[in-house]
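One-letter residues, chain by chain:
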Amino acid sequence: MESREGVSKQDIREQIWDYMESQNIADFPRPVHHRIPNFKGASRAAEHFPRLREFQMARTVKVNPDAPQKNARFFVLDSKKMLLVPTPRLRTGLFNRITPPPGATKDVLRKCATSQGVRNYSVPMGLDSRVLVDLVVVGSVAVSEKGWRIGKGEGYADLEYAMMASMGAVSQGTPVVTIVHDCQVVDIPDVLMEDHDLTVDYILTPTRVITTGCTRPRPAGVVWSKISCEMMGRIPILRSLRSREKQAGKDVTLQDEHQHAVETRSPHTAPPSAVRRPCDPPQPEVGEDVPSNSVYVGNLPGDARVSELKIALGERGVAPLWLTWQGPQHRAFLHYPDPAEAQRAVSCLQGLHLGANTLRVALARQQRTRDLTGGRVGELHPDCFPTI
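Residues take numbers from 1 onward in each chain, read along the sequence in its written order. This being a predicted model, a pLDDT of at least 70 is required before a residue's local features are given, and a value of 80 or more before pairs of side-chain atoms are given or counted; all residues contribute to the totals for chains, interfaces and linings. Based on all heavy atoms of the structure, the side-chain values leave hydrogens and waters out of the count.

**With respect to the overall build of the protein chain**
- Secondary structure summary: the protein chain contains 13 helices and 17 strands in total.
- Taking the contacts inside the protein chain whose residues are at least 6 apart along the sequence as the reference set, 69% of them involve residues at least 24 apart.
- A 1.4 Å probe and the Shrake-Rupley method give the accessible areas. Residues count as covered only by the protein chains that appear here. Carbon and sulfur atoms provide 50% of the accessible area of the protein chain, an area that totals close to 18800 Å². The way it works is that DSSP assigns letters per residue, a run of H or I at least four long becomes a helix, a run of E at least two long becomes a strand, and they are numbered from the N terminus. The criterion used for residue contact is that any of the two residues' heavy atoms lie within 4.5 Å.

And the structure:
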């Protein structure tokens, strides 16, 4: 297929998905929209994989968990190499190492290579695994002969590679392979490629092997300015990696935090004390200062419970040291170790819903003394929240 100039990544995705469905190239699961598409001939395309010199030399191979790469996973196991499969959506970690039972037959190995097999025959591996990956296989919606790659739009393959680079599991020389149908090989405008995008060295299709010769540098680690607070809330292992890199002195400012910093540093912006946004809490007439490391959460539902708020905070990855609960007044205060953590919490909690209510979240200003003393204080058990 040919791609048009002036299109977006999503335009190309939709073009590929529509074509594969209309031409009956797509295979189960269908429809292939919003997926790494499975296709008729995927097994034949994967047969090129064990013939690659890079495969023959590899000891440890990471293969994505999507359906078109099932045969690639089987070939890794059948060759008695270590197979690593990313945890779906990185919900519970980074890798699973597939460990077939002793004496497994080829039929059992094929089962181990399925999504069910990945769940039943795997051992999780974390950031301290010290694994070295010799070869990476990723899924794609579209690729170009230059090595440009477009995924399904959620960024997990790019993020997985960046996390592997951060932990030293891959280097710029680690080869990357993708397995696609011939119709998925299209021209992708250079302007669409960004620094955090993963490129590929080999494209395997049912009819050919394409060596891209791509020399574009791959991500050397996680680009934190591309990571949103919402994504941080969904991926616990990402929070752990960020904590490590923060301790190592790296800049781990998130996308939302970066935007806020740019806004507040703008010479055309009034000082924060002079700006009143709709989400700011009402200012009292008199009272005492609430420390700048406290966060106001307002518009709580009348029937909300403190446990529900704790869960919601945990999902966003912004655990306070402790909180002051004022349910009858439809508000709470979150208390953090320093102003920077409080500001991060404000950024991460924007748009948070509890029940049908959109919560109002802002740094606490001068709240009345009874705002801190009139409610009951709920201590947060450390196990209630993932480590940040």
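There is more to say, and it comes next.
**Examining the side chain of aspartate 158**
- With respect to the secondary-structure elements, aspartate 158 resides in helix 7 (residues 156–166).
- Type-normalised accessible area, obtained with a 1.4 Å probe on protein chains alone, sets the label of each residue: buried when under 20%, exposed when over 50%, and partly exposed for intermediate values. For aspartate 158, a relative accessible area of 13% corresponds to the buried category.
- In contact with aspartate 158, not counting residues within four places along its chain, are Arg149, His196, Asp197 and Leu198.

**Focus on the confidence of the model for the protein chain**
- Per-residue confidence for the protein chain averages 82 on the pLDDT scale, and 82% of its residues sit at or above 70.
- Long-range and interchain partners of residues 261–290, a stretch whose pLDDT sits below 50, account for 35 contacts in this model, where long-range means more than four residues apart. pLDDT is defined as a per-residue confidence score from the predictor, taking values between 0 and 100.

**Digging into the side chain of arginine 13**
- Within the fold, arginine 13 resides in helix 1 (residues 9–22).
- It is aspartate 197 that comes nearest to the buried, bridge-free arginine 13 among opposite-charge side chains, at 7.3 Å.
- In the analysis that follows, any N or O atom pair within 3.5 Å is treated as a polar contact, provided that within protein one partner can donate a hydrogen and the other can accept it, and provided that, for residues neighboring in sequence, both atoms belong to side chains. Polar side-chain contacts of arginine 13 include one of 2.6 Å to the backbone oxygen of glycine 151.
- With sequence-adjacent residues up to four places away left out, arginine 13 is seen in contact with Val141, Ile150, Gly151, Lys152 and Gly153. Charge assignment in this entry is limited to Lys and Arg as positive and Asp and Glu as negative, and neither His nor the chain termini are counted. By definition, a salt bridge exists where a carboxyl oxygen of Asp or Glu is found within 4 Å of a side-chain nitrogen of Lys or Arg.

**Some details on the environment of valine 136**
- Relative to the elements of secondary structure, valine 136 occurs in strand 5 (residues 135–138).
- Residue valine 136 is classed as buried on the basis of its relative accessible area of 1%.
- C-alpha separation for the pair valine 136 and threonine 60, spaced 76 residues apart in sequence, amounts to 9.0 Å.
- For valine 136, the contacting residues outside a window of four places in its chain are Lys62, Met164, Val170, Thr174, Pro175, Val176 and Val177.

**Observations concerning the packing of aromatic side chains**
- Only centres within 6.5 Å qualify two rings of Phe, Tyr or Trp (six-membered ring in Trp) as a pair; their planes then separate them into stacked at under 30 degrees, edge-to-face at over 60, and tilted for everything else. All chains considered together, the criterion is met by three aromatic pairs.
- Aromatic pair phenylalanine 49 and phenylalanine 55: ring centres 4.8 Å apart, planes at 65°, arrangement edge-to-face. Across the pair, exposure class does not vary: phenylalanine 49 and phenylalanine 55 are buried alike.
- Centroid distance tyrosine 296 to phenylalanine 333: 5.9 Å. Interplanar angle 70°. Geometry classified as edge-to-face. On the criterion of sequence distance, the pair formed by tyrosine 296 in strand 11 (residues 294–298) and phenylalanine 333 in strand 13 (residues 331–335) is long-range, its members being 37 residues apart.
- Using a relative accessible area of 0% as the deciding quantity, one classes phenylalanine 333 as buried.
- For a lysine, the NZ atom is tested; for an arginine, the CZ atom; a charge sits over a ring if that atom is within 6 Å of the ring centre and within 35 degrees of the ring normal. The ring of phenylalanine 55 has lysine 81 lying over it, and the distance from NZ or CZ to the ring centre is 5.0 Å.

**Brief notes about the packing of helix 7 against helix 9 (residues 236–247)**
- For the pair helix 7 and helix 9, the least separation of the axes is 12 Å and the interaxial angle reads 35°. Considering how the two elements wind past one another, helix 7 and helix 9 form a crossing that is left-handed. Across the interface between the two elements, Leu159, Met163 and Ser166 of helix 7 pack against Ile237, Leu238, Leu241 and Glu245 of helix 9.
- By the convention adopted, Pro, Cys, Tyr, Trp, Phe, Met, Ile, Leu, Val and Ala count as nonpolar, Lys, Arg, Asp and Glu as charged, and the other residues, Gly among them, as polar. Of the residues belonging to the contact of helix 7 with helix 9, the class tally is five nonpolar, one polar and one charged. Every angle, taken between N-to-C directions, lies between 0 and 180 degrees, and every axis is a line fitted to C-alpha atoms, over only the stretch in contact when it is a helix. Definitions for this section: a left-handed crossing has its near helix turned counterclockwise from the far helix by less than a right angle. A right-handed crossing has that turn clockwise.

**Things to note about the sheet that holds strand 3 (residues 95–98)**
- Strands qualify as paired when DSSP identifies two bridges or more between them. Ordered in space as 4-3-2-1-5-8-9-10, the eight strands form an open sheet in which the pairing is mixed. Each end of this open sheet is capped by a strand with a single partner; those strands are strand 4 (122–125) and strand 10 (209–211). For this sheet the average axis-to-axis angle between neighbouring strands, irrespective of direction, equals 25°.
- The pairing of strand 9 (residues 202–204) with strand 10 spans three bridges and is classified as antiparallel. From the neighbouring strand, tyrosine 202 faces strand 10, where its bridge partner is threonine 211.
- Its contacts with the sheet put helix 7 on strand 1 (60–63), strand 2 (82–86), strand 3, strand 5 and strand 8 (176–179), and the angle it makes with strand 1 is roughly 150°.

**Overview of the pairing of strand 2**
- Among the five residues of strand 2, four are classified as buried, and the element is accordingly described as predominantly covered.
- When strand 1 meets strand 2, the two strands line up parallel, connected through three bridges. Bridged to lysine 62 within strand 2 is leucine 84.
- The sheet contact formed by strand 2 and strand 3 spans four bridges and is antiparallel. When the sheet's bridge partners are listed, leucine 83 is paired in strand 3 with isoleucine 98.

**Side note on the environment of aspartate 195**
- Tracing the backbone shows aspartate 195 in the loop between strand 8 and strand 9.
- C-alpha of aspartate 195 to C-alpha of arginine 216: the two residues are 21 residues apart in sequence and 9.2 Å apart in space.
- Discounting chain neighbours no more than four positions away, the residues touching aspartate 195 are Arg216 and Pro219.

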